[in-house]
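Listed here are the chains, written in short residue letters.
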Amino acid sequence: MNNSYSHATYRLYDDKADFQKKAESIAVGLTVGSWTELPEAAKEQMQKHLGKVVSVLVHEPEGAAPGERCADITIAYPDANFSRDIPAFLVTAFGKLSMDGRIKLIDMEPSTDFLSAFPGPKFGVQGVRDILGVHDRPLVMSIFKSVIGHDLDNLREQFLQQALGGVDLIKDDEILFENPLTPLEQRVEACISAAREAEQATGQKLLYFTNLTGSTFQLKANAKRAIAAGANGLLFNVLAYGFDVLAELAADPEINVPIAAHPAMAGAMYPSLHHGISAPLLLGKLMRIAGADLSLFPSPYGSVVMPKAENLAVMEALLTPALPQKPAFPVPSAGIHQGLVPLIMGDFGPEVVVNAGGGVHGHPGGSAAGGRAFRQAVDAVRSGFTLEDYAQTHEELRIAIERWGVRTS
Ligand code: 1AE
């Protein structure tokens with residue numbers, strides 16, 4: 001019998017509650033159900049399944065109204081109670097509880113034994129860099145926009161244009177599904193042939209993250225069809241399907257390409273102060289444990305924003321050496337343009353993917369110029385230039401900062 005424990009930490013808001021009592025009711029209620037009612041013989045038998053209160057820290061919530069109270073409660077759950085999959089731990093720790101008043105799941109600390117069931121990202125930061133042969137700078141990713149309603153020739157041409165800008169990665173838009181104009185295998189073949197053509201011109205290797213879609217039970221087969229057609233990356237809407245689906249895909253030896261996790265639906269789960277799952281856990285730790293090589297999330301600067309402290313905590317969860325799974329690339333996204341690159345590199349350091357859709361395709365010189373301008377912005381920061389100075393000798397960057405400006409904070 002396994003006698004290790006996995007931990008969950010919650011922030012509970014209540015103006016009157018006895019938080020210690022509440023913690024004890026969680027520890028008992030989500031494990032053995034009832035304790036005081038049990039006869040002594042049953043208690044002995046059930047002891048190994050009983051949750052434990054680890055800590056209860058009462059404090060005033062940030063920005064609280066007068067008198068508002070909250071507590072951070074950590075509960076230890078016996079690993080013996082659940083199987084080695086993320087849904088089992090999530091349902092144990094935050095199944096019914098997620099609906100029980102103002103409570104947010106802040107963190108989970110799975111045991112070493114639990115973590116050992118997850119191979120995690122196949123490639124991670126280092127593996128993706130090795131494929132691309134790029135080790136000394138942030139990567140640049142273009143989001144393939146305006147993809148619905150186009151035929152294959154049109155799609156190929158649009159792909160080629162963004163690839164010619166020298167970006168490292170191109171990801172499908174997450175809303176591109178199986179459709180009669182650009183069926184999966186033909187779409188992959190068209191885009192990969194454009195990638196090869198661009199590679200000849202730029203000397204830059206390129207990964208194409210094809211959107212993996214379809215019904216859950218078809219996903220593995222669809223992933224393998226895409227890979228057989230030449231896809232060298234997959235984009236996956238993890239939260240619409242569940243972490244376990246990502247874990248199954250990532251653990252499959254035949255799915256031997258990096259997987260980028262898209263955060264679609266995350267807004268229904270993390271932004272509330274009082275409910276849901278914290279962003280660092282949802283988009284950082286669990287994505288990495290489940291096997292995402294890259295995780296996208298809203299940045300602190302663009303069009304869809306997440307507060308900076310939370311953003312950096314997502315990055316920390318993706319990169320920390322404290323987890324046994326390979327580090328995964330943070331990809332702060334949404335509304336990113338060239339004028340934000342100094343902020344991104346300043347806040348995230350070198351292990352980051354600069355990711356943009358509108359910032360590439362909205363460049364007045366076209367998508368190739370947009371990609372080039374991003375590469376120039378990265379080079380400017382690496383060489384210690386301001387964007388304005390570097391732009392004096394780099395036309396695409398000059399036009400980009402004329403269009404979007406430069407943000408300094
Ligand atoms: C947080 C996800 C961002 C995303 O998927 C996306 O398509 C962003 O597009 P832009 O860069 O805002 O145009």
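It should be emphasised that the depicted structure is a prediction, and the values quoted were computed from it without experimental measurement.

A. A look at the pattern of salt bridges. Applying the stated criterion across every chain, the model contains 23 salt bridges. A salt bridge links R129 to E351, with the nearest nitrogen and oxygen atoms 2.7 Å apart. Remark: E351 occurs in the loop between α13 (341-348) and β13 (353-356) and R129 occurs in helix α5 (residues 124-132); sequence separation between them is 222 residues. Using a relative accessible area of 2% as the deciding quantity, one classes R129 as buried. E351 gets classed as partly exposed once you look at its relative accessible area, which sits at 26%. When salt bridges that share partners are traced, they join K220, K224, E248, D252 and E254 into one network.

B. Spatial organisation of the domain arrangement of the chain. Here the chain is described as being made up of domain 1 (5-115) and domain 2 (124-404). Every contact between the two is made by 18 residues of domain 1 and, on the other side, 19 residues of domain 2. Per-residue buried area on domain 1 facing domain 2 is highest for I86, K104 and L115; these three make up 39% of the total on that side. At the boundary of domain 1 and domain 2, one finds 2 salt bridges. With a closest N to O distance of 2.9 Å, D107 and K285 form a salt bridge. Inspection of the region where domain 1 meets domain 2 yields 10 residue pairs in polar contact (both at pLDDT 80 or more).

Calculation notes
- Residues numbered from 1 in each chain as written.
- Predicted model: local features only at pLDDT ≥ 70, side-chain atom pairs only at ≥ 80, totals over all residues.
- Heavy atoms only, no water.
- Salt bridge = Lys/Arg side-chain N within 4 Å of Asp/Glu carboxyl O.
- Helix = DSSP H or I, 4+ residues; strand = E, 2+ residues; numbered from the N terminus.
- Buried < 20%, exposed > 50% of the residue type's maximum accessible area, 1.4 Å probe, protein only.
- Domains from an automatic or database assignment.
- Contact = heavy atoms within 4.5 Å.
- Buried area = accessible area lost by both parts, 1.4 Å probe.
- Polar contact = N/O pair within 3.5 Å; in protein donor to acceptor, adjacent residues only side chain to side chain.

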